[in-house]
Amino acid sequence: MMDGTPLFKIYARRRARALQKQNAAAEQQRQLLQLVATAADTRFGRDHGFASIKTVAEFQARVPLRRYEAMWNDYWKGPFPKLVDCSWPGTISTFALSSGTSSGTTKYIPCPDTMNRANARAGLDVLAHHLAARPHSRLLAGKSFMLGGSTDLTELAPGIVAGDLSGIAAARAPLWARGRIFPPREIALIADWEKKVAIIARGIVAKDIRSISGTPSWLLVFFERLFAMYPEREKRLAAFFPKLELIIHGGVNFAPYRASFTALLEGSRAETREVYAASEGFIASADRGPGEGMRVMADNGLFLEFIPLTELGSPSPTRHWLATVETGIDYAIAVTSCAGLWSYVMGDTVRFVDRDPPRLLVTGRTSYYLSAFGEHLTGDEVEGAVSTAAASIGALISDFSFGAVFPDAANARGFHLLIVEFGDPSPGEAEAARFVEKLDETLQMRNDDYRAHRAGGFGLDPPRLRVVPRGTFEAWMKSRGKLGGQNKVPRIIADAALFESLKGFA
């Protein structure tokens, strides 16, 4: 295979110079006005007077925040699946399927060619950031392993298909990239996750893999299967992929998995690089080190708004954009896109760590919020506490979920239950007790309401831990029809029935 890295380095240097000069807020305004002008003759554009919008303020005054249900009911449901000039010009030929993480409701997110091209450009930025950090890279001399959903797209109507975003990306990959991606299309088409993983594990050892991308939890499942098939090799990625340079991860908070990946990468020269790529658009990618924030893509067909999480449910919440955001505040994010989403509340929460250039961290989901007893715990607080507790005993986390158990005949007071799969070795009884103590201590330190409910032990009992065997979460997700790289294990489960379902497997 020809090494394409030298050619790509020319693009990467040019892109780096452009980003260095970029005024992100000015670019965002330009993107918005371009999107508005493009969609002015759509039904949505006519309904909201796009033809006369000239500023961000005018746009926000005319276009209210909407969630999926409102876009679906008001503009997409009637003509679906043939959306012609509804909220974006022309016919939408492709839809990305999104489960909404914990709700389980399938969403059909428009993903026309304009969005496919934007996602491809965003992928190039990820590689450009890697080359800036590793100037001697030979990333494109080998193959890229993408662990995603099936590329088998379902036909909804003649010429109109739907599928996983990762499957769409693989199916729509440019010609120059197709020979560099593993698995090949005939394997990527397999919808049976377990069958596909087994075939990939058998074939991947003969490949010169330079980069790996996927959701951390599912990558760990795959690596475990791979190691089991080749017990004579060390359980390290360097033993299988000696020229590995890059692991691209996203979809969930990486903090609980960082220690596991550090162990897997022992002896390897590969780096990890986070991306924020959603079905609604490719928002940001890491241009610096792990945990230092991801740089927002200001010039790629999206306009982003940020609503303080404390105001999200109010009638007239403040709608910030890159010109007005502040660091250290939890925002819900809304996207306007080149796919016909308009001030669409995605369900993710973010926090800025830099303004110039804009860099953010994904802190959770608006639905990842637990207040069964008035404790108001966020996903970020729970994930941070789990990571801290695991580090305190040197344990590795494979997967976990956190929920509430209400008082009953057996329990006078309510408490929180953490169901967790540990990596090998699993902690003993004394270590597990220290884990729970640290979990409780960290939650009290980070959340005043939780601390008040725990004070004196009169309102809320300490959290409890249930350690489950490896494979439990995979089996539970399979039972829900959610097995595979595009699906995420919910970290906080506020839905009592869903948590009971998991407890049944645990």
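Residues numbered from 1 in each chain as written. Predicted model: local features only at pLDDT ≥ 70, side-chain atom pairs only at ≥ 80, totals over all residues. Heavy atoms only, no water.

Here the focus is the nonpolar core. Of all hydrophobic cores here, the largest spans 63 residues; its most connected members are Phe50, Tyr276, Phe306, Trp342 and Leu360. With near-sequence residues (within four places) excluded, Tyr276 lies in contact with Gly281, Phe282, Ile283, Ala284, Met294, Ile333, Met346, Asp348, Val350, Leu360 and Val362. Ranked by size, the runner-up nonpolar core spans 47 residues in total, among them Ile190, Ile212, Val489 and Leu498. (Core = buried A, V, L, I, M, F, W, Y, C linked by side-chain atoms within 4.5 Å. Buried < 20%, exposed > 50% of the residue type's maximum accessible area, 1.4 Å probe, protein only. Contact = heavy atoms within 4.5 Å.)

Before going further, it helps to examine helix α16 (residues 472-479). Burial in α16 covers these residues: Thr472, Phe473, Glu474, Trp476 and Met477. Those residues of α16 hidden inside the fold are in contact with α10 (193-204), α11 (216-229), β18 (397-405), β19 (415-422), β21 (492-493) and α17 (496-505). Phi turns positive one or two residues past the end of α16, at Gly481, with a value near 70°. (Helix = DSSP H or I, 4+ residues; strand = E, 2+ residues; numbered from the N terminus.)

Another aspect to go through is the side chain of Arg66. By the secondary structure assignment, Arg66 is in the loop between α4 (56-62) and α5 (68-76). Here Arg66 is buried and forms no salt bridge, its nearest opposite-charge partner Asp74 lying at an N-O distance of 4.1 Å. Among the polar contacts made by the side chain of Arg66, one reaches the side chain of His48 at a distance of 3.3 Å. Setting aside residues up to four positions removed in sequence, Arg66 forms contacts with Phe44, His48, Met71, Asp74, Tyr75, Ser343, Tyr344 and Val345. (Lys, Arg positive; Asp, Glu negative; His and termini not counted. Salt bridge = Lys/Arg side-chain N within 4 Å of Asp/Glu carboxyl O. Polar contact = N/O pair within 3.5 Å; in protein donor to acceptor, adjacent residues only side chain to side chain.)

What follows covers the confidence of the model for the protein chain. Overall, the predicted model of the protein chain reaches an average pLDDT of 90, with 96% of residues at or above 70. Predicted confidence for residues 100-104 stays below pLDDT 50, and this span has 13 contacts to residues more than four positions away or in other chains. (pLDDT = per-residue confidence, 0-100.)

This paragraph deals with the sheet that holds β19. Sheet architecture is open: four strands sit in the order β20-β19-β18-β21, paired in mixed fashion. Every interior strand has two partners, whereas the edge strands, β20 (464-467) and β21, have only one. Where β18 meets β19, eight bridges bridge the pair, whose relative direction is antiparallel. Note that in β19 the partner of Phe402 across the bridge is Leu418. Sheet strands touched by helix α13 (residues 379-393): β18, β19 and β21. Its angle to β18, the strand with the most contacts, is close to 125°. (Pairing = 2+ DSSP bridges. Axes fitted to C-alpha atoms, helices over the stretch in contact; angles between N-to-C directions.)

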